[in-house]
Amino acid sequence: AKALGRCNYQYYSPEMNARTLDRLTLENALRHAIERHELVMLYQPQYDLRTGAMAGVEALLRWRPHGRDMIGPDVFIPIAEETGLIVPIGEWVLRTACAQQVAWRQAGLPALRMAVNLSARQFRMSGLTAMVAQALHDTGCEAGDVELEITESVLMERADTAEETLQHLSGMGVRLAIDDFGTGYSSLAYLKRFPIDVLKIDRSFICGIPGDANDAAIATAVAALAHSMQLSVVAEGVETDEQRNFLMSLRCEYAQGYLYSKPVPAGAIAALLGTMQ
Ligand code: C2E
Ligand code: CA
Ligand code: CA
Ligand code: CA
């Protein structure tokens, strides 16, 4: 096989086969992940840079299949999207996150905004608004305590349907954030057209600030754009004091990243609330 490997004509590769098999195994296992209680939510705090207080959390999904290592969302969310499993999984995520938000409130914790990721496929499904309304109703979570994160690509394809869906969600009182802002095709016109509340500056731009001139320019421009449109700014992937200080100088409202905390189980949030940044 080694000798053949250089020739470039073999299209059977044992490695490829293993990956394909793995993909099928994963796909079948993912079908049962909810009923087998293998999905786990972690929560990553978002801090208000003006007060230093924890203002909310982002719900981040993990999958721990029985007898296997934890699998990250970058691996299984694409499979869930392609198979349509993202619909029941996404509903489980929203319900779990909303129930958690209420549980913290009932435990006497300060109100925390709950940010939940919506994938493109989920966003396009026809019953999305009804599903969100039902989750809020069943868990008793206030719409204003929920922020839905969507990516720019969602707005660009089928803009008319997207606008209608966003108007419905916004009308319910749910906050809307554009995730990974700056990494996709953005038309600034869309920002004006859609009822968006928050821009999240992507980690790839936060990474180089303040030293990298391009990243600094992008972060500065995004913050200025957001503020001129009365949107607030969340910076993700904040890892250093220098990054935080630069974001504060941009009057960026919220920061999230390893500088503050990695994503943690729900039970660890109360302890983090006790520690001031
Ligand atoms: P995202 O929405 O951009 O989430 C931020 C990712 O950056 C998370 O990775 C988080 O753990 C990581 N992160 C946070 N702070 C730092 C930092 O300071 N440094 C570094 N290097 N990384 C940091 P994670 O949890 O692996 O999630 C990856 C992606 O999977 C998310 O990217 C999101 O697109 C998707 N995802 C996660 N949970 C869900 C979910 O419930 N539903 C859907 N549809 N997608 C999800
Ligand atoms: Ca996100
Ligand atoms: Ca993001
Ligand atoms: Ca990102």
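As annotated in an unreviewed UniProt entry, the protein carries the name Diguanylate cyclase DosC and comes from Pseudoduganella ginsengisoli.

Attention now moves to the environment of Lys262. Relative to the helices and strands, Lys262 is located in the loop between strand 8 (254-256) and helix 13 (269-274). As a C-alpha pair, Lys262 and Pro65 span 197 residues in sequence and 22 Å in three-dimensional space. Once residues within four sequence positions are removed from consideration, Lys262 is found in contact with Tyr43, Gln44 and Pro45.

Ordered in space as 1-2-3-4-5-6-7-8, the eight strands form a closed barrel in which the pairing is mixed. In this sheet, adjacent strand axes meet at a mean angle of 30 degrees when their direction is disregarded. The pairing of strand 3 (residues 113-117) with strand 4 (residues 146-151) spans four bridges and is parallel. Residue pairing across strands places Met114 opposite Val146, the latter belonging to strand 4.

What follows covers the coordination of the calcium ion (ligand 3). For the calcium ion (ligand 3), every protein donor is listed as Asp179 (OD), Asp180 (OD), Glu236 (OE) and Glu236 (OE), and the spread of their distances is 2.0 to 2.9 Å. One chain supplies every donor for the calcium ion (ligand 3), spaced along it as D-D-x55-E. Here the calcium ion (ligand 3) and the calcium ion (ligand 2) are spaced 3.6 Å apart, linked through Asp179, which binds each one. Take Asp179: its relative accessible area is 8%, and that puts it in the buried class.

Right, let's talk about the site of ligand 1 for a bit. Taken together, 22 residues are adjacent to ligand 1, and Gln44, Arg62, Arg203, Glu239 and Tyr258 come closest. Side-chain polar atom of Glu58 to an oxygen atom of ligand 1: 3.2 Å apart, as the coordinates give it. Within the contact set of ligand 1, an oxygen atom lies 3.3 Å away from a side-chain nitrogen or oxygen of Asp180. When residues of the shell around ligand 1 are traced back to their parent elements, those giving at least two are strand 2 (54-63), helix 3 (73-83) and strand 5 (175-181). If you tally residues by element for the shell around ligand 1, the top one is strand 2, at four residues. Considering only residue class, the shell around ligand 1 consists of eight nonpolar, six polar and eight charged.

A few words now on the nonpolar core. Membership of the largest hydrophobic core comes to 83 residues, with the highest contact counts inside it found for Leu30, Tyr43, Trp104, Leu148, Leu199 and Ile269. With eight residues, the top contributor of residues to this core is helix 4 (residues 86-106).

Further remarks concern the packing of helix 6 (residues 128-139) against helix 8 (residues 159-172). Where helix 6 contacts helix 8, the two axes come as close as 10 Å, and the packing angle between them is 20 degrees. The angle between helix 6 and helix 8 falls in the class roughly parallel. The crossing of helix 6 and helix 8 is right-handed. Contacts between helix 6 and helix 8 involve Leu128, Thr129, Val132, Ala133 and Leu136 from the first element and Thr165, His168, Leu169 and Met172 from the second. In terms of residue class, the contact of helix 6 with helix 8 is built from six nonpolar, three polar and no charged.

Criteria and thresholds
- Residues numbered from 1 in each chain as written.
- Chains lettered and ligands numbered in written order.
- Predicted model: local features only at pLDDT ≥ 70, side-chain atom pairs only at ≥ 80, totals over all residues.
- Heavy atoms only, no water.
- Helix = DSSP H or I, 4+ residues; strand = E, 2+ residues; numbered from the N terminus.
- Contact = heavy atoms within 4.5 Å.
- Pairing = 2+ DSSP bridges.
- Axes fitted to C-alpha atoms, helices over the stretch in contact; angles between N-to-C directions.
- Donors = N, O, S within 2.8 Å, 3.2 Å for Na, K, Ca; no water.
- Buried < 20%, exposed > 50% of the residue type's maximum accessible area, 1.4 Å probe, protein only.
- Near = heavy atom within 4 Å.
- Polar contact = N/O pair within 3.5 Å; in protein donor to acceptor, adjacent residues only side chain to side chain.
- Nonpolar A, V, L, I, M, F, W, Y, C, P; charged D, E, K, R; others polar.
- Core = buried A, V, L, I, M, F, W, Y, C linked by side-chain atoms within 4.5 Å.
- Parallel < 35°, antiparallel > 145°, perpendicular 65-115°, else oblique.
- Left-handed = near helix turned anticlockwise from the far one by under 90°.

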